[in-house]
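Okay, here's what each chain looks like letter by letter:
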Amino acid sequence: MLYIDKHFIHEVTSPQAFTGLNKRGIRVFRPAQTVATADHNVPTLNQHLPIKEELSRLQVEALKKNCSEHGIELYGLGHPFQGIVHVIGPELGFTQPGMTIVCGDSHTSTHGAFGSIAFGIGTSEVEMVMATQCIMQTRPKLMRINIEGELNKGVVSKDIILYIISKISASGATGYFVEYAGSAIRSLSMEARMTICNMSIEMGARGGLITPDEKTFAYVKGKLFAPTHDQWDTKLQEWKTLYTDADAKFDREINIVAADIEPMITYGTNPGMGVSVNGSIPAIEQVEENEKNSFKKSLEYMGLQPGSKMKGKKVDYVFIGSCTNSRIEDLRMVASFVKGKKKAADVVVWIVPGSKQVEKQAIEEGIDKIFEAAGFQLRQPGCSACLGMNEDKIPAGKYCISTSNRNFEGRQGQNARTFLASPLTAALAAITGTVGDVREFMNEPVTESASIEN
């Protein structure tokens, strides 16, 4: 039985939970520990107008009504803190080391980047947390993934996690909670660490976490809802005790050499079907016998051939956003690469910031002007084309290179075809119109903490 320090909710998985509470005549037990935002169903253009899609509009309206009735703070459309739930939590200082954090969303594992126990829950569990601020869980197995050494030029956190999943498969961490460790992980910024923890769920893990360190503390300090004054000093002393003991035993340990990781891209219909951008889709004889049918089905859906190269594949859409890669560092990284360049004429490019705060910062730094000059469309915050639950859908049969976290059949729209990649690899595809190796186009290394000169 776990007490939950922070419960994030959004418009998709909360309505049924509120209905359950109302039927039983009970209130949300600790509304101050609950934070709500609208993200999955919201449009990313003209957010001042009524939502066109009826189901989306009804879900957003239901969230507004339920939060009002139960005294929950809502960062809805029009609010300066509105955004994707796993973006606003860290940037506002709600997410802190050592916390237990849940949300009716699988990518709650994002918050594990702060050394918190964070995981997604189902709607019935959302109701349980609303009613009791507690949740029942079975104890997971423990896995540690160590990544040592320096990353190659052009390789960023998204490549790290896609590489890991390609090695252990989309179910390789089922039943585990994963700790990411090693010098390569310690070298990453907080936003890059969030990207890695975000996709823990894509290899079947219950969640992922990284030991909090000075980068963590510096990131949290000064955030709006972070501890202040004497409370900060007390919390900081607590947080410094949150590390894995030297003699800790794990059920499984995996060791990876950072230099082995190249820019990655997926070719199939689960995040484990990934290769280097210079690599080839496996030949049918390279696939395990019990996986051949699903492999063939996946490639048939994607319109790709076994054994073919990924480099040079045509791209129709580029989507840079989602709770995986929509933070200010992601936008800075893309802008620093595309500055002075133009998008390919036949490619549609959507840049969707993760929050109103990110959108505001991008405009203040002049990033919006760089995107505009390149022919990219900077939209308004929301989950957008990560999933086909709003107006931002990829047309049937079209190829989209996406910085989101899932490439399932129909995930970005009915019969849409998705390649998952890093913001850098996506930015290159936007310029050239094809899958390529960003390292061939980089004069200087572009990092996840890159800054932009106005």
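The text that follows walks through the structure, step by step, so that each part is easy to find. (Residues numbered from 1 in each chain as written. Predicted model: local features only at pLDDT ≥ 70, side-chain atom pairs only at ≥ 80, totals over all residues. Heavy atoms only, no water.)

### Quick notes on the sheet that holds strand 15 (residues 348–351)
Strand order in the open sheet made by the 5 strands is 16-15-14-17-18, with parallel pairing throughout. What marks the edges here is a single partner per strand, and that holds for strand 16 (377–378) and strand 18 (417–420). Bridge analysis of strand 14 (residues 317–320) against strand 15 gives 4 bridges, and the strand direction is parallel. Residue Phe-319 lies in a different strand from strand 15, and its bridge partner there is Trp-350. The sheet contacts of helix 10 (residues 292–302) involve strand 17 (399–402) and strand 18, and relative to strand 18 the element is tilted by about 105°. (Pairing = 2+ DSSP bridges. Helix = DSSP H or I, 4+ residues; strand = E, 2+ residues; numbered from the N terminus. Contact = heavy atoms within 4.5 Å. Axes fitted to C-alpha atoms, helices over the stretch in contact; angles between N-to-C directions.)

### Description of unusual backbone geometry
Here Asn-46, not a glycine, exhibits a phi torsion of approximately 55°, which is positive. By secondary structure assignment, the location of Asn-46 is in the loop between strand 3 (34–37) and helix 2 (54–70). Look at Asn-46 and you get partly exposed, because its relative accessible area is 44%. Although it is not a glycine, Ser-322 adopts a positive phi angle of roughly 85°. Here Ser-322 is to be found in the loop between strand 14 and helix 11 (328–338). Taking relative accessible area as the criterion, Ser-322 reaches 1% and is therefore assigned buried. (Buried < 20%, exposed > 50% of the residue type's maximum accessible area, 1.4 Å probe, protein only.)

### Regarding the packing of aromatic side chains
One pass over the structure, following the stated rule, counts 11 aromatic pairs. Seen from their ring centres, Phe-217 and Trp-239 are 6.2 Å apart, and the 25° between their planes marks the pair as stacked. Of this pair, Phe-217 sits in helix 8 (residues 214–220) while Trp-239 sits in helix 9 (residues 229–239), placing them 22 residues apart in sequence. Accessibility assignment for this pair places Phe-217 and Trp-239 in one class, buried. Three or more aromatic residues joined by ring pairs form one cluster here, namely Phe-8, Tyr-75, Phe-81, Phe-94 and Phe-225. For Lys-223, the ring lying beneath its charged end belongs to Tyr-219, and the centroid distance is 3.9 Å. One cation-aromatic arrangement involves Arg-379 over Trp-350; the distance from NZ or CZ to the ring centre is 4.7 Å. (Phe/Tyr/Trp six-rings, centres within 6.5 Å; stacked < 30°, edge-to-face > 60°. Lys NZ or Arg CZ within 6 Å of the ring centre and 35° of its normal.)

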